[in-house]
Amino acid sequence: MNRRVFFRVLAGALASIALALLPAAQAELVGTWDGVHEPPGIVGGDPFSLLVESGAGERVLGSLVLPEGAVRFEGTFDRARGTRRFGAGVGGDHLEAELRLAGGELVGQARNGPWEWGFRASRASEQVLERSHAPRVVELDSKERPETFSLVGLETELGFALDELVRSIATKNKVVGLSVACVVDGELVDVRSIGWEDYFGGIPASDETRYRWASISKTLTATAALRLAAGGELDLDADVRKLVPEFPAKEIAGKAVTITPRHILTHQSGIVHYEGALRTWREYEQPHPFEELATGLDLFRSSPLLAAPGTLFSYSTHAWTLLGVTMERAGKKRYAELVREQVLGPLAMKTAEPDYPSHAIPHRAKGYEQRADGTLVETWDDDISWKLPGGGWISTVGDLARLGAGWIGTSMLSEEQKRTAWTPQQLADGKPTDQGLGYVVGELDGQRLISHSGGQRKASTYLAVLPERRLAVAVMCNTARTPMGDLATGALRLLVKRLP
């Protein structure tokens, strides 16, 4: 479902919430509310405000203010249900919702088909309805994009060619801030950036800018998991429930199945991605509950499997949270600490860390996205700590490139480990995939290419490595849904063509 349809569905859902409450709750509901709603795959969410007015008899009137504007709603309470659970037809879609008044907050969730949203609002002044939730609009043409360079280790003509490629892709895709790092002969030699890490703050993108890794985080987790396995601490073929018994047993067609770390590494676990995920909604005492990795299981633990493990290639970020918890239990340390010991420390990746909202991270990039009408806007902050192993790390582009450099040679993974990890896996019926054990395996102009992309709010990323040529390129930007693969592979082609 696209963003515009989502807001239409959400508007109807929140209006229907007011209509579905029992008459006894009407007095508690009347007034102004202010809070956030969480689209699928987003924790933290985007702002909204709600004014509920008392109507005659069982009627309810109100106003809803969303980032895309305000709407009025009208309806009635439902006496017959005797519950706060309801269904509603909105814009041709059928939506099921549930809410409750908890601790003075209006809390609930809504589902439309396989998608689920959450919302939370608190009592507020009527003045909040006068403000706009619209995000700030970025006018890229009003400023000249700054460019910064460091570790300039490429020869002049090659550097000029790379600059031209970077400018072309940044302009074509309306990128606000972008950085690219090149590894030659296994060493980081060049970093260059264009645009802003913070457009409205006037801070240029640079080698100090911290960008979200998004799904490239999976390769970091995979590298650490393989090293734990080599040390005998993690069994890639053991049932994850032996170490994580709080993850519910799963069945397919009434038959119990086993999920292993290998299934997760190859995206064959059968665990849902964002579509179809059933969240276990509950209240947490701590302010940042998902910084405890096992809490992230709440976002999908109740979901049925899509298929028996090993029988379907189905990309799932949620599954990697389960892998991270499994690693914690096997290694007897917190997941992030294991990653630091196994990968970040040995590769001198000093800026890589979890993108926790509770932490002050210097030069953390602001996020941007292009809307359907072409408008470029600043995006809202969200909390990605719940998916740390599969999409929650942050660093400079140089440190992401150092991970790619670590895949070259044998200091990080032995030749045997790489042979196993970089062999495209098959499904149980023999059907091939392009997925190794956490790495995408392919070719670039006849040469083996090991890569992974990343995309989420505030980030588009790509890491591409030609291990036999000892070359790697890392690309990171703060503008969502920007195709960074063309820049990464284009830069690799320039390096191959111009270097001996």
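The following refers to the structure shown.

Parameters and conventions
Residues numbered from 1 in each chain as written. Predicted model: local features only at pLDDT ≥ 70, side-chain atom pairs only at ≥ 80, totals over all residues. Heavy atoms only, no water. Phe/Tyr/Trp six-rings, centres within 6.5 Å; stacked < 30°, edge-to-face > 60°. Buried < 20%, exposed > 50% of the residue type's maximum accessible area, 1.4 Å probe, protein only. Helix = DSSP H or I, 4+ residues; strand = E, 2+ residues; numbered from the N terminus. Contact = heavy atoms within 4.5 Å. Expected span 1.5 Å × (residues − 1). Axes fitted to C-alpha atoms, helices over the stretch in contact; angles between N-to-C directions. Parallel < 35°, antiparallel > 145°, perpendicular 65-115°, else oblique. Left-handed = near helix turned anticlockwise from the far one by under 90°. 1 Å grid on protein atoms, 1.4 Å probe; cavity = no way out; pocket = protein on both sides within 12 Å on 5 of 7 lines; lining within 4 Å. Points joined across faces, edges and corners; volume = space filled by probe spheres on them. Nonpolar A, V, L, I, M, F, W, Y, C, P; charged D, E, K, R; others polar.

Below, the discussion takes up the packing of aromatic side chains. Considering all chains together, one arrives at eight aromatic pairs under this definition. Their ring planes at 70 degrees and their centres at 5.6 Å tell us that Tyr-284 and Phe-290 sit as a pair that is edge-to-face. Taking relative accessible area as the criterion, Phe-290 reaches 4% and is therefore assigned buried. Here Trp-422 and Tyr-439 contribute two aromatic rings whose centre-to-centre distance is 6.3 Å and whose plane-to-plane angle is 80 degrees, an arrangement assigned as edge-to-face. In this pair, Trp-422 is assigned in the loop between helix H10 (415–421) and strand E20 (440–444) and Tyr-439 in the loop between H10 and E20, connecting sequence segments 17 residues apart. On the accessibility criterion, Trp-422 (3% relative accessible area) is buried.

Before going further, it helps to examine the side chain of His-318. With respect to the secondary-structure elements, His-318 resides in helix H6 (residues 318–331). Each residue touching His-318, except ones within four places of it in the same chain, is listed here: Ile-271, Val-272, His-273, Tyr-274, Ala-277, Leu-299, Phe-300 and Trp-386.

Moving on, we come to helix H11 (residues 485–498). Taking 1.5 Å of rise per residue, the 14 residues of H11 would be expected to cover 20 Å, and the 20 Å separating its terminal C-alpha atoms lies within 8% of that figure. Residues of H11 that are buried in the fold lie against helix H3 (156–172), strand E10 (177–184), E20, strand E21 (447–456), strand E22 (459–466) and strand E23 (471–477).

At their nearest, the axes of H3 and H11 sit 10 Å apart, and the two run at 165 degrees to each other. By the angle between their axes, H3 is roughly antiparallel relative to H11. Of the two possible hands of crossing, H3 and H11 adopt the one that is right-handed. Contacts between H3 and H11 involve Glu-157, Leu-158, Ala-161, Leu-162, Leu-165, Val-166 and Ile-169 from the former and Asp-486, Leu-487, Gly-490, Ala-491, Leu-494, Leu-495 and Arg-498 from the latter.

Moving on: empty space enclosed by the protein. It is the rolling of a water-molecule-sized probe over the atoms that shows where space remains empty. According to the stated counting rule, one finds three cavities of 30 Å³ or more in the structure shown. In this structure, the largest cavity occupies an estimated 170 Å³ of space. Among the elements that line the lining of the largest cavity, the one with the most residues is strand E8 (residues 115–123), at three residues. Here the residues of the lining of the largest cavity sort into ten nonpolar, three polar and three charged. Lining the second largest cavity are Glu-147, Thr-148, Phe-149, Asp-163, Val-166, Arg-167, Arg-192, Ser-193 and Ile-194.

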